[in-house]
Amino acid sequence: MTDNSRRGFFRELASVVASAREAATEPEPEAPPPDLTDAEIERYSRQLVLPEWGAAAQLAVNEASVLVIGAGALGAPVALYLAGAGVGRIGILDDDAVELSNLHRQLLHFTPDVGVAKAESAAAKLRYLNPDIVVEPYQVHADAENAAALVEGQDLVVDCSDSFATRYAVNAACCAARVPLVEAGVLGMSGLVMSIKPGRTACYRCAFPVEPLDAPRCADAGVLGPAAGVIGSLQALEALKLLTGVAPPIADGFLQVDLATAEFLRVHASRRADCPDCGDV
Ligand SMILES: [Zn+2]
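I will try to describe carefully the structure that is included in this document. (Residues numbered from 1 in each chain as written. Predicted model: local features only at pLDDT ≥ 70, side-chain atom pairs only at ≥ 80, totals over all residues. Heavy atoms only, no water.)

A side chain of one charge can pair with a side chain of the opposite charge if their charged atoms are brought near each other. Applying the stated criterion across every chain yields a total of 6 salt bridges. The salt bridge involving arginine 43 is made with aspartate 132; its shortest N-O contact spans 3.7 Å. Of this pair, arginine 43 sits in helix H2 (residues 38-43) while aspartate 132 sits in the loop between helix H6 (118-129) and strand S3 (134-138); the two residues are 89 residues apart in sequence, bridging distant segments of the chain. You can call aspartate 132 partly exposed: its relative accessible area is 45%. Across the pair glutamate 136 and arginine 89 runs a salt bridge whose closest N-O atoms are separated by 2.4 Å. Placement of the pair is glutamate 136 in strand S3 and arginine 89 in strand S2 (residues 89-93), with a sequence separation of 47 residues. (Salt bridge = Lys/Arg side-chain N within 4 Å of Asp/Glu carboxyl O. Helix = DSSP H or I, 4+ residues; strand = E, 2+ residues; numbered from the N terminus. Buried < 20%, exposed > 50% of the residue type's maximum accessible area, 1.4 Å probe, protein only.)

Shown next as structure tokens:
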């Protein structure tokens, strides 16, 4: 692209942004939507030109606050893609330190980070990737005691934890606070992804009422790095769909992914009236 056509391209984008802003619902007088700077228009140009995305979606993600629970195999691609896309505030939560055995799949951490708190290691990389956003590291473990406080005020939660106890605690807290949630899990060469709009679509406990007793752990069963990358990328995509509405999320069920056979299967799940997290009880 020549300098002239490049300038023209960005001028056109700026005009699209201005038109979309004018066409948007009238904001509160004291809180007009923030402008996209020239640097932001260039940084996000390849998503801004997408017909499904555009300025309205960009402004939505710029103003969004997302909590990513876990800075490991799933949290790494999720946080990287959300930071790259311009999510305005990203909380990254993990109470572990980086270990050598993490590095084959946890792309936010490098060999010199071994021993460093994962939340801090992740936050440092995300700030390098996108200095225009706010990144807040939390060195805590999400559980039933603190989940409600953690999800409060978030526009979206992405659960990248690797424990059923955390998943159920986060699901219950998101349902109670009506905060949209993306759940996922990965093991070996397979995984699943599920989006949840509390009160409107099946929640994690609707789909999985009880914790499996004999579920293998990552440390025992193993996981391939690219498999975690695929599932985490799907999770990030779901997050962007929920934040912007640019495409329908994987809701009222989950996507089961078998990467050994390259098969993707949509599994339906319905809301349960007797669900202790989102039901009428
Ligand atoms: Zn439910």
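Another point: the side chain of asparagine 102. Among the secondary structure elements, asparagine 102 is positioned in the loop between S2 and H6. Looking at asparagine 102, its side chain comes within polar contact range of the main-chain nitrogen of glutamate 99, at 2.7 Å. Contact partners of asparagine 102, with chain neighbours within four places excluded, come to Ala97 and Lys118. (Polar contact = N/O pair within 3.5 Å; in protein donor to acceptor, adjacent residues only side chain to side chain. Contact = heavy atoms within 4.5 Å.)

With respect to topology, 8 strands assemble into an open sheet ordered S3-S2-S1-S4-S5-S6-S7-S8, the strand pairing being mixed. The sheet is open, and its two edges are formed by S3 and strand S8 (263-268), each paired on a single side. Between one strand axis and the next, the sheet turns by 15° as a mean value, whatever way the strands run. In the sheet, strand S4 (residues 156-159) pairs with strand S5 (residues 181-187) via 3 bridges, with the strands oriented parallel. (Pairing = 2+ DSSP bridges. Axes fitted to C-alpha atoms, helices over the stretch in contact; angles between N-to-C directions.)

Our focus in this paragraph is the environment of leucine 126. Mapping leucine 126 onto the fold places it in helix H6. In this structure, the C-alpha to C-alpha distance between leucine 126 and leucine 108, residues 18 residues apart in sequence, is 8.2 Å. Each residue touching leucine 126, except ones within four places of it in the same chain, is listed here: Ala79, Leu80, Ala83, Leu108 and Val135.

In this section: the coordination of the zinc ion. Coordination of the zinc ion by the protein comes from Cys203 (SG), Cys206 (SG), Cys275 (SG) and Cys278 (SG), over a distance range of 2.2 to 2.3 Å. In this structure, the zinc ion is coordinated by 4 donor atoms arranged in tetrahedral fashion, with angles at the metal of 95 to 117°. Read N to C, the donor residues that coordinate the zinc ion are spaced as C-x2-C-x68-C-x2-C. In this pair, cysteine 203 is assigned in the loop between strand S6 (190-196) and helix H9 (204-207) and cysteine 275 in the segment after S8, connecting sequence segments 72 residues apart. The class of cysteine 203 is buried, set by a relative accessible area of 0%. (Donors = N, O, S within 2.8 Å, 3.2 Å for Na, K, Ca; no water. Tetrahedral: all angles 85-135°; square planar, octahedral: opposite > 155°, others 65-115°.)

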